[in-house]
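Given next are the chains, with one letter for each unit.
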Amino acid sequence: MIVRLDLRDEQTVQKLWNMQKRAYRVEAELIGTEDIPPLRESVEQLRACGETFYGYIEGDELAGAVSFMLEGETLDIHRMIVDPIHFRKGIASQLLASVHEHGCSRIVVATGSLNEPAVRLYERHGFTLTDKKEVKPGLWLSFFEKTIRR
């Protein structure tokens, strides 16, 4: 079940923060750097980030989450998080499909270029690679977008 997460709730934000740490450690290994902003973020910073979060609940457990910001007709995905113990269950695909319900005409997202599972996820869901940028020596980000036909 996918539900909107209320980051004012202490238990919710703590579960999200813990899951985020586990998930982004895996990405850090894939892309070869620990210098990923969510790994340095405090609970307070997460709560104050201004993003809208939806979580994938399995039983009573938070198994994944997506966050985004709407800017006009563009939905900008900021985080796609799946707890490593829930990898390969289709959770990211379900979360990605859920963001289409927010009335946008375009969705954009960036991920580490070496994060092959994330790159494949976006390509499988019809996203097009629009750019690659080296954001620091040896660290490349891939930028994707998808136009939503209404």
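Our subject is the structure listed above.
On a predicted model such as this, the values are computed, not experimentally measured, just so you know.

Draft legend 1. The arrangement of the packing of helix H4 (residues 91-98) against helix H5 (residues 116-124) in detail. Relative orientation of the contacting elements H4 and H5 amounts to 45 degrees, with a least axis distance of 11 Å. When the axis of H4 is compared with that of H5, the two are oblique. In the packing of H4 onto H5, the handedness of the crossing is right-handed. Contacts between H4 and H5 pair Ala92, Ser93 and Leu96 from the former with Leu121, Tyr122 and Arg124 from the latter.

Draft legend 2. Representation of the side chain of Glu51 in the model. Along the polypeptide, Glu51 turns up in the loop between helix H3 (43-47) and strand S2 (52-58). For Glu51, a relative accessible area of 14% gives the class buried. Among the polar contacts listed, one links the side chain of Glu51 to the side chain of Ser67, at a separation of 2.5 Å. If we skip the residues at most four places from it in the chain, Glu51 touches Ser67, Phe68, Met69, His78 and Arg79.

Draft legend 3. Spatial organisation of the pattern of salt bridges. Counted by the stated rule, this structure contains 11 salt bridges. The salt bridge involving Glu10 is made with Arg47; its shortest N-O contact spans 2.5 Å. Placement of the pair is Glu10 in helix H1 (residues 10-31) and Arg47 in helix H3, with a sequence separation of 37 residues. Under the relative-accessibility criterion, Glu10 is labelled partly exposed at 45%. Judged by its relative accessible area of 29%, Arg47 falls in the partly exposed class. A salt bridge links Lys136 to Asp35; the nearest nitrogen and oxygen atoms lie 3.3 Å apart. In this pair, Lys136 sits in strand S6 (residues 128-136) while Asp35 sits in the loop between H1 and helix H2 (37-40), placing the two residues 101 residues apart along the sequence. Lys136 sits in the partly exposed class, given a relative accessible area of 29%. Among the charged side chains, a salt-bridge network with shared partners connects Asp35, Arg40 and Lys136.

Draft legend 4. Structural detail: the layout of surface pockets. Of the pockets and cavities examined, the largest pocket occupies roughly 1,200 Å³. Along the wall of the largest pocket there are 44 residues; nearest its centre are Glu27, Met80, Thr111, Asn115 and Ala118. Listed by contribution, the elements that provide at least two residues to the lining of the largest pocket are H1, H2, strand S4 (74-82), H4, strand S5 (106-112), H5, S6 and strand S7 (139-147). Take the lining of the largest pocket: its biggest share by element is 7 residues, from S4.

Calculation rules
Residues numbered from 1 in each chain as written. Predicted model: local features only at pLDDT ≥ 70, side-chain atom pairs only at ≥ 80, totals over all residues. Heavy atoms only, no water. Axes fitted to C-alpha atoms, helices over the stretch in contact; angles between N-to-C directions. Helix = DSSP H or I, 4+ residues; strand = E, 2+ residues; numbered from the N terminus. Parallel < 35°, antiparallel > 145°, perpendicular 65-115°, else oblique. Left-handed = near helix turned anticlockwise from the far one by under 90°. Contact = heavy atoms within 4.5 Å. Buried < 20%, exposed > 50% of the residue type's maximum accessible area, 1.4 Å probe, protein only. Polar contact = N/O pair within 3.5 Å; in protein donor to acceptor, adjacent residues only side chain to side chain. Salt bridge = Lys/Arg side-chain N within 4 Å of Asp/Glu carboxyl O. 1 Å grid on protein atoms, 1.4 Å probe; cavity = no way out; pocket = protein on both sides within 12 Å on 5 of 7 lines; lining within 4 Å. Points joined across faces, edges and corners; volume = space filled by probe spheres on them.

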